[in-house]
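# Structural overview
Residue strings, one per chain:
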Amino acid sequence: MNQVSAPLVLVDGSSYLYRAFHALPPLNSSKGVPTGATKGVISMLRRLQKDYPNSPVVVVFDAKGKTFRDELFERYKAHRPPMPDELRAQIQPIHDIVRAMALPLLVVEGVEADDVIGTLASAAGRDGRPVVISTGDKDMAQLVDGHVTLVNTMTNTVLDAAGVESKFGVPPRLIIDYLALVGDKSDNIPGVPGIGEKTAPALLMALGDLDAIYGNLEKIRELPVRGAKQMPEKLAEHREAAYLSRQLATIRCDVPLEFGPDGLRNGTPDRDALLALFREFEFKGWVEELLTAAPGTGLAATANAADSAADEASDPASTRHYEIILDWPQLETWLARLKTCALFAFDTETTSLDYMQAELVGVSFAIEPGAAAYVPLAHDYLGVPPQLDRQRVLAALKPLLEDPARPKVGQNLKYDMSVLARYGIELRGIAYDTMLESYVLDPTGSRHDMDTLALKYLGETTIHFEDIAGKGAKQLTFNQIELEQAGPYAAEDADVTLRLHQTLWPRLHEQPGPAAVFRDIEIPLVPVLSRIERNGALVDGRLLAEQSLELGASLAELEQRAHDLAGQPFNLGSPKQLGEILYVKLGLPVTRKTPTGAPSTAEDVLQELALDYPLPKVLIEYRGLSKLKSTYTDRLPEMIDPDTGRIHTSYHQAVTATGRLSSSDPNLQNIPVRTAEGRRIRQAFVAPPGSAILAADYSQIELRIMAHLSGDAGLRRAFAAGLDIHSATAAEVFGVALAAVTPEQRRSAKAINFGLIYGMSAFGLGRQLNLGRNQAQEYIDRYFERYPGVRAYMESTRQRAADTGYVETLYGRRLYVPEIRDRNNQRRQAAERAAINAPLQGTAADIIKRAMIAVDDWLTRERLATKLIMQVHDELVLEVPTGELEAVRTAIVALMQGAADLAVPLLVDVGVGANWDEAH
């Protein structure tokens, strides 16, 4: 297809702007800037460019202000609500991106985008040129003829003349008359009341256009149309409205324009402008596409070789100098350079992601942007000269790596620290970690790995491990990768890390609160977590194996009971079979459906059904035991390290938005504590001979933080007096003496205390307490009457989040809530609940981290044999030799209580036992 015969593509930008905004889920950047409509419209344009590669794509938007239609009918579009602020904010970015894509952008005052499109389409048609109009508006169907077709990229449909008649029941030439009769609610075009989408085509196809209909009103009574007898009077009564509607619906094809179809061409995209815009609005996939696309393809097309040369000259890759160190003089030169650096980046390459089993293959350094080196230590194929054997190189590096006065930066240095520890090197001088810099700067960012950060902040696509190692079962380990590939990959890791730090730190440093969290909490915690992970927890695999057998027997009994209740055998793990049993055979009420329309068998649905029916209750119990067996009793024995005989979890600092740690392999945070089976799993976490397990747990820490942050006098008095807070709340809410509070009242008060800080509604509280909604609301109202400071805190926090887009913990950690201004009520209310709770959870996370740092520091200073072995929620778990027990018990309480200075006392519950369950 050549340029002359290629169709002219005319895009109804205003139509797609609204459709993208309302049809697609909201999307916000990490800074809370709305980007959903922008992405939707640009995606549509990219699709058109792909579908019509040789065509000029012209984008037409409505201009601000009134048009001739407003003069014809003052109520034209008058019922439309004002444009939402979130949409208005995206108009300019869309225009900027369209211009950077070098697509003609037309905005003509006094007429609508439809009229500009109609004029251009008509002119092109007269010249015999094909035209494609991309729109979602039905009034454009009047323009369809032998030269003009409509395409809707959001629904992937194309309408030619036959398609228009099939869809609307009339050919394109009668579309204006069709709209005159049925009207258009979206534009407030009145039409004729009572004439709908079925009646209008019947009239038009039987009699002709609007003039013909009004010239033959009496003939309508004879037509086989519902309500035909009364229709002539109705049409006569609304004749003026019908003709006005036809005027309003008619697209002008004679708008005076300073250009014609032949003058509209696509230019050369401005790659730099597109990169800047895509980075600003965090369209990561498009950034990567621009950076990796070959010249002359897609949005990354460049005008000429000069542009390509300029791009190459500005590309950091062209200025990089990466070395592979293969001899001792070269290594000594680099060691000298490292010793004189104010800061250097450091990274390890290993055989495994398991820090307990990983073998060190090589190390890399970067001393300035573009200057990096890789030292291979254990590549299988490489005949390494004797002077560069691993032991000798590490001995030379050890003083430098262990020197706390030599600042270092890395990406997830906790891993590198753990690997080096296996070789007798204790990494010190950890000044910065780019993963943590990114996390503290933007905790709601989806990922903080180096590849993602390089694309996001540097606009660069790094060498991915899969690029050099392959994928799947045949993936190589790093020691098997040829040096020609391994060297640049490893050196780039260090180089990119250094450049990321130089980009991230200035941004973080500008924010005193987050910078303090990074400096005083997250960075000091890195070596603490590394030690905890390497300490590991001793687990009795025999006990777990016994429990696994018992759980297997219990599961078999539950399965048989479920079959008996169902009246037939079925697969308890099959949602389809389960749905058929519950809703078809047993006829249980359907309370919720899946997105595909099937009745839901989700956990919360079964819990609701279990209140009235026996089978769902059995299924819930079966699922719970099955998860315990597969996740813990079967899996944990397999995870015992063969060298240490212990389980070594991985703690993650850069995952949760609130700052809480998470753990994996295994996940120690989710072992149940409220069931007998869950507690039995904790019994398998044991102390070695001559030691005990000590568990220290903050008591009701989030409620105490609420008392501090809200300043509520009632809450503060209760905590200061050492009262049981749930009983004290029950006495206030139910108006009884403290001594008269019943267990049931205390249970209800506990649900209120914790429910409200998690944003629970009256409906949710009522369901939890088995109360009516009105009664639950009375409890909530009474709570806020007794604790008005709590209500004031919630309201002020909600407002502050709406104003700034974030909330903060007591220590300055920022917790972003990008959906706080969302137009969707459900999402906005969820964001408001998160905004209220996040400072409580986040402050609790900060406090437990501060406590871990203090405890680890004390254990190190005192040279004790006691080990921190786990952190779970608000609890620290230690393995303590019997002779150190009393000293550790006393110190732990003081250190944990001293981790925060609140307006109410911080209480720490301490337990000691032969295993974790006994201690907890």
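In what follows, the structure referred to is the one given above.
In this report, the structure presented in the accompanying data block is examined. This one's a predicted model, so the numbers in the text were calculated from it and none came from an experiment.

## So, the environment of E785
Here E785 is to be found in helix α33 (residues 773-786). A sequence separation of 52 residues divides E785 from V733, and the C-alpha atoms of the two residues are 8.7 Å apart.

## Section: the sheet that holds strand β8 (residues 344-350)
Strand order in the open sheet formed by six strands is β7-β10-β9-β8-β11-β12, and the pairing between neighbours is mixed. Unpaired on one side and paired on the other, β7 (321-324) and β12 (430-433) mark the two borders of the sheet. Ignoring which end each strand starts from, the neighbouring axes of this sheet average 25° apart. Of the pairings in the sheet, the one linking β8 to strand β9 (residues 360-368) comprises six bridges and is antiparallel in character. Of the residues in β9, the one forming a bridge with T350 is L360. Sheet strands in contact with helix α18 (residues 434-441) are β11 (408-410) and β12, and its direction is about 55° off that of β12.

## Focus: helix α34 (residues 788-804)
With 17 residues, α34 ought to run about 24 Å at 1.5 Å a step, and its terminal C-alpha atoms sit 24 Å apart, in line with that. Buried residues of α34: G789, V790, Y793, M794, T797 and A801, and no others. Buried residues along α34 cover an arc of 140° about the axis, so they all sit on one side. Of the surrounding elements, those touching the buried residues of α34 are α28 (701-710), α29 (713-720), α31 (743-757), α33, β18 (806-808) and α35 (825-861). Downstream of α34 by one or two residues, G805 has phi in the positive range, about 85°.

## What to know about the sheet that holds strand β21 (residues 875-881)
Pairing is antiparallel in the open sheet, where four strands are placed in the order β20-β21-β17-β22. Every other strand in the sheet has two partners, leaving β20 (867-872) and β22 (908-913) as the edge strands with one partner each. Within the sheet, the average angular offset between the axes of one strand and its neighbour, ignoring direction, is 20°. Its contacts with the sheet place helix α36 (residues 885-897) against β17 (691-698), β21 and β22, and it is angled at close to 20° to β17.

## A closer look at the nonpolar core
One finds F685, Y698, L715, Y783, I847, L878 and M896 to be the most contacted residues of the largest nonpolar core, which totals 114 residues. Broken down by element, the residue count for this core peaks at eleven residues, all from α35. Among the nonpolar cores identified, the runner-up in size contains 62 residues, and W328, A358, L401 and W505 belong to it.

## What to know about the environment of D643
The topology assignment puts D643 in the loop between α26 (614-633) and β14 (646-647). Assessed through its relative accessible area of 57%, D643 is described here as exposed. In sequence terms D643 and Q357 are 286 residues apart; their C-alpha atoms lie 9.0 Å from each other. Here the side chain of D643 touches Q357 through a polar contact of 3.5 Å, side chain to side chain.

## Side note on the packing of helix α23 (residues 541-566) against helix α27 (residues 676-683)
It is the contact of α23 with α27, at a shortest axis distance of 9 Å, that shows an interaxial angle of 160°. Accordingly, the angle class assigned to the pair α23 and α27 is roughly antiparallel. As α23 packs across α27, the resulting crossing turns out to be left-handed. Contacts between α23 and α27 pair L543, Q547, E550 and L551 from the former with E677, R680, I681 and Q683 from the latter. Residue composition of the contact of α23 with α27, grouped by class: three nonpolar, two polar and three charged.

## A look at the pattern of salt bridges
Within this structure, the stated rule accounts for 44 salt bridges. The salt bridge partner of E546 is R542, with a shortest N-O separation of 3.1 Å. Here E546 pairs with R542, and both are found in helix α23, just four residues apart, close to one helical turn. Between K629 and D634 there is a salt bridge, and its shortest N-O distance comes to 3.0 Å. Each of R320, E460, E492, D495 and R499 takes part in salt bridges that share partners, so that together they form one network.

## Digging into the packing of aromatic side chains
What the rule picks out here adds up to 19 aromatic pairs. Members of the aromatic cluster, joined through ring pairs, are F278, F281, F283 and W286. Its guanidinium or amino end placed over the ring of W328, R392 lies 3.9 Å from that ring's centre, counting from NZ or CZ. Positioned over the ring face of W916 is R682, at 3.9 Å from the centre of the ring.

## Points about the side chain of S364
You can see S364 is positioned in strand β9. Of the polar contacts made by the side chain of S364, one reaches the backbone oxygen of A490; its length is 3.1 Å. Not counting residues up to four positions away in its chain, the partners in contact with S364 are A345, F346, D347, A373, Y374, A490, A491 and A494.

## Considering the pairing of β8
The buried fraction of β8 amounts to seven of the seven residues, a majority that puts the element mostly inside the structure. Burial of β8 is two-sided: the residues F344, F346, T348 and T350 facing one way and the residues A345, D347 and E349 facing the other way are all buried. Here β8 pairs with β11 via two bridges, running parallel. Its bridge partner being in β11, F344 is matched across the sheet by K408.

## As for unusual backbone geometry
Cis peptide bonds are those with omega within 30 degrees of zero, and the linkage from D665 to P666 qualifies with 0°. Note on placement: P666 falls in the loop between β16 (662-664) and α27. Phi is positive for A102, which is not a glycine, with a value near 65°. The topology assignment puts A102 in the loop between α4 (85-100) and β3 (105-107).

Conventions adopted
Residues numbered from 1 in each chain as written. Predicted model: local features only at pLDDT ≥ 70, side-chain atom pairs only at ≥ 80, totals over all residues. Heavy atoms only, no water. Helix = DSSP H or I, 4+ residues; strand = E, 2+ residues; numbered from the N terminus. Pairing = 2+ DSSP bridges. Axes fitted to C-alpha atoms, helices over the stretch in contact; angles between N-to-C directions. Contact = heavy atoms within 4.5 Å. Expected span 1.5 Å × (residues − 1). Buried < 20%, exposed > 50% of the residue type's maximum accessible area, 1.4 Å probe, protein only. Arc of directions from axis to C-beta. Core = buried A, V, L, I, M, F, W, Y, C linked by side-chain atoms within 4.5 Å. Polar contact = N/O pair within 3.5 Å; in protein donor to acceptor, adjacent residues only side chain to side chain. Parallel < 35°, antiparallel > 145°, perpendicular 65-115°, else oblique. Left-handed = near helix turned anticlockwise from the far one by under 90°. Nonpolar A, V, L, I, M, F, W, Y, C, P; charged D, E, K, R; others polar. Salt bridge = Lys/Arg side-chain N within 4 Å of Asp/Glu carboxyl O. Phe/Tyr/Trp six-rings, centres within 6.5 Å; stacked < 30°, edge-to-face > 60°. Lys NZ or Arg CZ within 6 Å of the ring centre and 35° of its normal.

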